[in-house]
Amino acid sequence: MLLPPGHPVEGLSIVTVCMNRRQHLLATAARVAAWPHHREHLIVDWSSACPLQRQELPDDPRVRLLRVEGETVWNLCRAYNFAVARAREAWILKLDADTWPTESFDPAALGLDNRNRYAFGSGPMGRKGQFLMARQLFTAVGGFHELLSGYGFDDKDLQARLALHTGQP
């Protein structure tokens, strides 16, 4: 079923992970809380030296904070796979700790449906690493490749595997 523009995406979880990016996350979490199109904002603190505290985050019942202990190295792929596996909703919007959806971004306007479709962000301010897709599709292609490290190749690898799986460029 194709959702009409302006209709909120049913069952949307936002996932954000961070390690030692407290100031970024605290600045953007309020902007995410002001955005009306999601049911959950799952924030994973990946063993930050100074643990995030729930009371520091917006007083929004959609915010869930999970902490992973014992990680000494930042691994974006492992952290996001962990977050997506714990998300409660059927659709995932991946946002980095320093990004947020703009007020005008309406996920329903993308025309995504249940036929294995997805959308990756583009543009400045980290939006190239953002995506919106069915959690089931993310899982079907194995999520992020956890042996990749650094930045930039994680989303390219995921996009290539999605294209092979779905036939959608």
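Values in this document were obtained by computation on a predicted structure and should not be read as measured data.

A word on the overall build of the protein chain. Across its full length, the protein chain holds four helices and six strands. Reading the protein chain from its N end, one meets helices and strands in the order β-α-β-β-α-β-β-β-α-α. Per-residue burial over the protein chain gives 49% buried out of 169 residues. For the protein chain, restricting intrachain contacts to residue pairs at least 6 apart in sequence, the fraction spanning at least 24 positions comes to 69%. Total accessible area on the protein chain is roughly 8,700 Å²; 56% of this is exposed by carbon and sulfur atoms.

Glancing now at the pairing of strand β4 (residues 91–94). Along β4, one buried face is formed by W91 and L93 and the opposite face, lined by I92 and K94, is buried too. With four bridges joining them, strand β1 (residues 12–18) and β4 adopt parallel strand pairing. By the bridge assignment for β4, L12 is matched with W91. Sheet topology places β4 next to strand β6 (residues 131–134); four bridges connect them, and they run antiparallel. Looking at β6, one finds that L93 is bridged to L132.

V15, F131, M133, L158 and L162 are the most contacted members of the largest nonpolar core, which totals 37 residues. Elements with a contribution of two residues or more to this core: β1, β2 (40–46), α2 (76–86), β4, β5 (118–120), β6, α3 (135–140) and α4 (153–166). Ignoring any residue separated from it by four or fewer positions in sequence, one finds L158 in contact with F120, F131, M133, F138, V141, G143 and F144. Counting residues in hydrophobic clusters, the runner-up holds eight residues, among them C18, A29, I43 and L52.

A separate point is the environment of K94. Mapped onto the elements, K94 comes out in strand β4. Among the polar contacts made by the side chain of K94, one reaches the side chain of D96 at a distance of 3.0 Å.

Another point: the side chain of D154. With respect to the helices and strands, D154 occurs in helix α4. Although D154 is buried, it makes no salt bridge; K94 carries the closest opposite charge, 5.1 Å away. Those residues in contact with D154, other than ones at most four positions away along the chain, are L76, C77, F144 and L148.

Working note: α-helix, 3.6 residues per turn, so residues spaced by three or four point in the same direction. With 13 residues, helix α1 (residues 22–34) extends 19 Å between its outermost C-alpha atoms, agreeing within 8% with the 18 Å of an ideal straight helix rising 1.5 Å per residue. At T28, α1 shows its maximal kink, close to 25 degrees. Those residues of α1 not exposed but buried are R22, L25, T28, A29 and V32. If you follow the buried residues of α1, they end up packed against β1 and β2.

What follows deals with the packing of aromatic side chains. As enumerated under the stated definition, the model contains eight aromatic pairs in all. Between W35 and F105, the aromatic rings sit 5.7 Å apart at their centres with planes inclined by 5 degrees, giving stacked as the arrangement. Of this pair, W35 sits in the loop between α1 and β2 while F105 is found in the loop between β4 and β5, placing the two residues 70 residues apart along the sequence. Judged by its relative accessible area of 2%, W35 is buried. You can call F105 partly exposed: its relative accessible area is 23%.

Now for the pattern of salt bridges. Evaluation of the coordinates by the stated rule reveals 11 salt bridges. Between R78 and E71 there is a salt bridge, with the nearest N and O atoms lying 2.9 Å from each other. Exposure remark for R78: the relative accessible area of 31% places this residue in the partly exposed category. Since its relative accessible area comes to 18%, E71 is described here as buried. A salt bridge links D157 to R161; the shortest N-O distance between them is 2.8 Å. A residue pair is termed a helical-turn pair when its members lie 3 or 4 positions apart in one helix, as D157 and R161 do in helix α4 at four residues. Assessed through its relative accessible area of 23%, D157 is described here as partly exposed. One continuous salt-bridge network, built from bridges that share partners, spans D45, R67 and E69.

What counts, and where the lines are drawn
- Residues numbered from 1 in each chain as written.
- Predicted model: local features only at pLDDT ≥ 70, side-chain atom pairs only at ≥ 80, totals over all residues.
- Heavy atoms only, no water.
- Helix = DSSP H or I, 4+ residues; strand = E, 2+ residues; numbered from the N terminus.
- Buried < 20%, exposed > 50% of the residue type's maximum accessible area, 1.4 Å probe, protein only.
- Contact = heavy atoms within 4.5 Å.
- Areas by Shrake-Rupley, 256 points an atom, 1.4 Å probe, with all protein chains shown as cover.
- Pairing = 2+ DSSP bridges.
- Core = buried A, V, L, I, M, F, W, Y, C linked by side-chain atoms within 4.5 Å.
- Polar contact = N/O pair within 3.5 Å; in protein donor to acceptor, adjacent residues only side chain to side chain.
- Lys, Arg positive; Asp, Glu negative; His and termini not counted.
- Salt bridge = Lys/Arg side-chain N within 4 Å of Asp/Glu carboxyl O.
- Expected span 1.5 Å × (residues − 1).
- Bend = angle between axes of the 7 residues up to and from the residue.
- Phe/Tyr/Trp six-rings, centres within 6.5 Å; stacked < 30°, edge-to-face > 60°.

So far we have only geometry, and geometry alone does not tell us how the molecule works.
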